[in-house]
Amino acid sequence: MILITGANGQIGVDLTETLSARHGADRLLATDLRPPQADPPPVPFEVLDVTDERAVERLLDRHEFTQIIHLAGILSATGQQYPDLCWSVNVTGLKHMLDAARQRQIPLFWPSSIASFGPTTPRTDTPQHTITEPRTMYGVTKVTGELLSQFYAAQYGVDVRSVRFPGVVGHAAPPGGGTTDWAVAMFFDAVSRGSYRCFVGPDTRMPMMYMPDAVKSVLDLLAADADRLTVRTSYNVAAISFTPAELADAISRYMPGFTCTYVPDYRQDIADSWPQSIDDSSARNDWDWLPDYGLDRLVFDMLMNVARRLGHTSLLERLKRR
Ligand SMILES: NC(=O)c1ccc[n+]([C@@H]2O[C@H](COP(=O)([O-])OP(=O)(O)OC[C@H]3O[C@@H](n4cnc5c(N)ncnc54)[C@H](O)[C@@H]3O)[C@@H](O)[C@H]2O)c1
């Protein structure tokens, strides 16, 4: 049985759906701080606050889990506004899960982020092993989590696996307060109102990944032969890098009237401290990581799905005819 924390989040919704299709809903237990939107939920669900150690222990005592997928977290922009909460959920919460995994020898996956890097890190083709001196609390929690994971793997033999996700673009659930949220919001505003006001400047290049690739990276890493894994902090994974202007341009090719304006806020500083592109050769070598989606395929698929979600039938018909 697989335990998923943070299952109602942007990544959790998609990953849970894929795992459910693969293993069957009854092989999963989805948990989150907040209840699921669907009633009844598509897979068995329980409320779990990962900062509550006793609640974590009680839950793990009640079930025989064979895998933990720990997605509960506070994202970069929210983390800057609520640093104590960010530390508590991202570090204390992860430690509770690592301790639970250690006591029961359950393999654990959790995602780190490109936020582990900072202004002193090389910004292009950022290597797997490089300077990690983030300036955001979110980044601090991710570096701490990576080091904790490596320690638990080396010291206690816990099978911890992790990736440093770039900005993840998906349509099933709204993004959760990250610095790359613009890459999702632009699609929803393009379809619902024909324009978008972007909170970072037009030339802010950021590494991104379409949700199906993000889900695939988790499944591929989980399936990988343990003997081949050389990284027990978090693997760099890359797919595409683009700027808001390039994304707006790609959307305009399908929606000619679409306009984007730029009003940078505090998230610009966060974005400027992160890499523009990532070297993921360790992931490619160790577990054959390869993304499927480039920018144009991502844009077409996102527009189709967002148009369907928002009931924009004329756009949907136009896209289908292309
Ligand atoms: N989405 C991205 O672009 C991205 C990029 C890099 C890394 N990540 C990482 O992936 C993971 C999932 O991210 P996401 O985008 O799905 O985030 P999200 O904000 O959409 O979802 C996180 C979920 O965690 C839950 N949560 C918050 N505090 C909790 C607590 N105390 N106990 C239990 N649940 C709690 C929230 O209710 C939410 O449903 C996080 O660790 C995040 O740092 C995401």
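Residues numbered from 1 in each chain as written. Predicted model: local features only at pLDDT ≥ 70, side-chain atom pairs only at ≥ 80, totals over all residues.

1. Observations regarding the domain arrangement of the protein
Assigned domains of the protein: these are domain 1 (2-168 + 208-236) and domain 2 (169-207 + 241-274 + 294-320). Taking only C-alpha atoms, the centre of domain 1 and the centre of domain 2 are 25 Å apart. Taken together, the contact between domain 1 and domain 2 spans 23 residues of the former and 22 residues of the latter. Secondary-structure elements contributing two or more residues to the side of domain 1 that touches domain 2 are α1 (10-23), α3 (76-81), β7 (167-169) and β9 (206-210). Here the element with the most residues in the side of domain 1 that touches domain 2 is α3; it accounts for four residues. (Domains from an automatic or database assignment. Contact = placed C-beta atoms within 7 Å. Helix = DSSP H or I, 4+ residues; strand = E, 2+ residues; numbered from the N terminus.)

2. A closer look at the sheet that holds strand β1 (residues 2-5)
What the seven strands build is an open sheet, ordered β3-β2-β1-β4-β5-β6-β10; its pairing is parallel. Edge strands, defined here as strands with exactly one partner in the open sheet, are β3 (45-47) and β10 (235-236). Sheet topology places strand β5 (residues 108-113) next to strand β6 (residues 160-165); six bridges connect them, and they run parallel. Bridge assignment links F109 to a residue of β6, and that residue is R161. (Pairing = 2+ DSSP bridges.)

3. Points about helix α2 (residues 53-62)
By the burial criterion, the buried members of α2 are V56, L59 and L60. Considered in projection along α2, the buried side chains sweep an arc of 95° and stay on one side of the axis. Seen from the open side of α2, the exposed residues pointing more than 90 degrees away from its buried face are R54, R58, D61 and R62. Buried residues belonging to α2 abut β3 and α4 (83-104). (Buried ≥ 20, exposed ≤ 12 C-beta atoms within 10 Å, placed from the backbone. Arc of directions from axis to C-beta.)

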